[in-house]
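Residue strings, one per chain:
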Amino acid sequence: MFWDRESETLARPALERFQLGQLQETVRRVAQRVPFYQRKFAELGIKPEDIKSLEDARRLPFTASADLFAAYPDGLLAVAADEPVRLHTSSGTTGKPKAVFFSRNDINNSAELMARSLVMTGVTHKDVLQNMMSYGLFTGGLVMHYGAERVGCLVIPAGPGTSERQLMLMQDFHTTAVHILPSYALYFARFLEQRGVNPRKDLKLRKAFVGAEPHTEETRRRIEEAYGIDVYNSYGLTEMNGPGIGFECEHKAGLHLWEDHFLIEIVDPVSGQPLPEGERGELVLTTLRREAMPLLRYRTHDITSIIPEPCACGRTHRRLNRIVGRADDMLIVRGVNIFPQQIERILMSTPQVGPNYLIVLEGLDDMAIQVELASAGFDGQVEHLSGLRHQLAEKFKTELYVRPKVELVPAGSLPVTEGKAKRVIDRRSL
Ligand SMILES: [Zn+2]
């Protein structure tokens, strides 16, 4: 099913011609109106007329998170100060957030892309969508809301209310789809179980849209099995509309990123050099239709790769693989890029291993992984321990191209921290 078949299936040459026109227009506008880009263009000695092909985008300056923090509150506006109609911010860990402004057309476009994304998964006007994401400065609530309304769904703006109230709404208004954080979806499944509610029999739920948190394919499968529903992955960031800029279609095989609104590049996260299609690196996005606050070559810090093959659904907009991690978390060990999430995935798919582990980098460039054994199901026999150690070392070698030292430790022996777990200790003397 298509919301905007023509735009979604535009042949690549036409799509790329359209992208170039929009890129040139965006570059002209920021060169005229945004002092930050005027300075950058002057430093690099480039003019808007220099952008003659999509490859020329590589000559444009990057925009970093730090530039948005420095421009706070409205230093990157490309329209008059009274023109934007909405403000969103992205949560900084400390201090002031990043401010992102939307014009009326920007709001319209974000709803349009959300509508495309929902319909791509089979959502129709008959669906009842319970939006369990936070409404407010965070884009997850409002952008989904406007998109689902546009499709004609009954939208329940539940927000992140109590589980008790979520369940009441779901039962009384026959919710068929939810927009939810993956961690909350897992928690809510346990809540239903405790309440004796069988989602397959007692609810009308068919679909869930999950995003805003890094999660693995295993997590998706666990949610699908817990509810008996289809779970679709959503990608977005406040700086680029919020949710709905990348979404999975019915094939659940990568996130179609709407390329008539965004230009995609994948760069080496350290050097910033463009990487060949299909290679994994940092996602860099340029807005092609944004009015209030266009951004050139925005460093998302998200690590992924482009899937070059066309999708069976017929859409021509290329797909991104699941985000494997944040550039800030990347470890470089003996010249190999490794993300803690890759290590976690290997460990969590090994039943004899518990949930706690610690990555220790030491010496010249050595990696050791301390792994807690699962509390049950291990007989403590030395030969079984060395077999497990060997099995893990082989998996790391095959999947990550490194051979870390694996240390198995008893359950409960690694330090437990409040909040976000500390997984990496770097003591290298490089
Ligand atoms: Zn597809």
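For the structure itself, consult the block above.
Within each chain, residues carry numbers counting from 1 in the order of the written sequence. For this predicted model, a pLDDT threshold of at least 70 governs which residues receive local features, and a threshold of 80 or more governs which side-chain atom pairs are given and counted, while totals over whole chains, interfaces and linings are taken from all residues. For the side-chain quantities, the full set of heavy atoms in the structure was used; hydrogens and water were omitted.

## Section: the pairing of strand 2 (residues 98–102)
Operational definition: Residue exposure (1.4 Å probe, protein chains only): buried if accessible area is under 20% of the type maximum, exposed if over 50%, otherwise partly exposed. Only DSSP runs of H or I reaching four residues or more are called helices, and only runs of E reaching two or more are called strands; each is numbered from the N terminus. Only when DSSP finds a minimum of two bridges between them are two strands counted as paired.
Summarising burial for strand 2: 5 of the 5 residues are buried, a large majority. Every second residue of strand 2 is oriented toward a common face, with Lys 98, Val 100 and Phe 102 on one face and Ala 99 and Phe 101 on the other, all of them buried. Relative to strand 2, strand 1 (residues 86–90) runs antiparallel, the two sharing 5 bridges. Within strand 2, the residue paired with Ser 90 across the bridge is Lys 98.

## Remarks on the environment of Thr 287
Note the threshold: The criterion used for residue contact is that any of the two residues' heavy atoms lie within 4.5 Å.
Tracing the chain through its elements places Thr 287 in strand 11 (residues 281–287). For the pair formed by Thr 287 and Leu 263, sequence separation is 24 residues and the distance between their alpha carbons is 6.6 Å. Ignoring sequence-local partners within four residues, the contact set of Thr 287 consists of Thr 26, Met 240, His 261, Phe 262, Pro 294 and Leu 295.

## Here's the deal with the sheet that holds strand 21 (residues 424–426)
Using the following cut-off: Between N-to-C directions, angles span 0 to 180 degrees; the directions come from axes that are lines fitted to C-alpha atoms, helices contributing only their stretch in contact.
With mixed pairing, 4 strands are arranged side by side in an open sheet as 20-19-18-21. The open sheet has two edge strands with one neighbour each: strand 20 (405–409) and strand 21. For this sheet, the mean angle separating the axes of adjacent strands, direction not counted, is 20°. Both strand 18 (residues 353–362) and strand 21 contribute to a ladder of 3 bridges, which runs parallel. Bridged to Ile 359 within strand 21 is Val 424. Sitting on the sheet, helix 11 (residues 340–348) touches strand 18, strand 19 (366–373) and strand 21, and the angle it makes with strand 18 is about 140°. Helix-sheet contacts for helix 12 (residues 382–400) involve strand 18, strand 19 and strand 20, and the interaxial angle to strand 20 is about 140°.

## Digging into the sheet that holds strand 12 (residues 298–304)
Taken in spatial order, the 4 strands line up as 10-11-12-15 in an open sheet, and their pairing is antiparallel. Each edge of the open sheet is held by one strand with a lone partner, namely strand 10 (262–267) and strand 15 (325–326). Judged from the 4 bridges that link them, strand 11 and strand 12 form a sheet pairing that is antiparallel. Paired with Glu 282 across the bridge in strand 12 is Ile 303.

## As for the pattern of salt bridges
If the charged atoms of two oppositely charged side chains come close together, the side chains can form a pair. To keep things clear, this is the line we draw: Salt bridges are defined by distance alone: a side-chain nitrogen of Lys or Arg within 4 Å of a carboxyl oxygen of Asp or Glu.
According to the stated counting rule, one finds 28 salt bridges in the structure shown. The shortest N-O distance in the salt bridge between Asp 230 and Lys 252 comes to 2.7 Å. Within this pair, whereas Asp 230 is found in strand 7 (residues 230–237), its partner Lys 252 is found in the loop between strand 8 (242–248) and strand 9 (255–257), the two being separated by 22 residues in sequence. We classify Lys 252 as partly exposed; its relative accessible area is 22%. Linked by salt bridges that have partners in common, Arg 12, Glu 16, Glu 259, Glu 277 and Arg 318 make up one network.

## Quick notes on unusual backbone geometry
Glycine aside, a negative phi is what most residues show, and trans is what most peptide bonds show. Residue Pro 73 is reached from Tyr 72 by a cis peptide bond, and omega for that bond is 0°. Mapped onto the secondary structure, Pro 73 falls in the loop between helix 4 (65–71) and strand 1. Here His 301, not a glycine, exhibits a phi torsion of approximately 70°, which is positive. Within the secondary structure, His 301 sits in strand 12.

Spatial relationships are all this shows, so hold off on functional conclusions.
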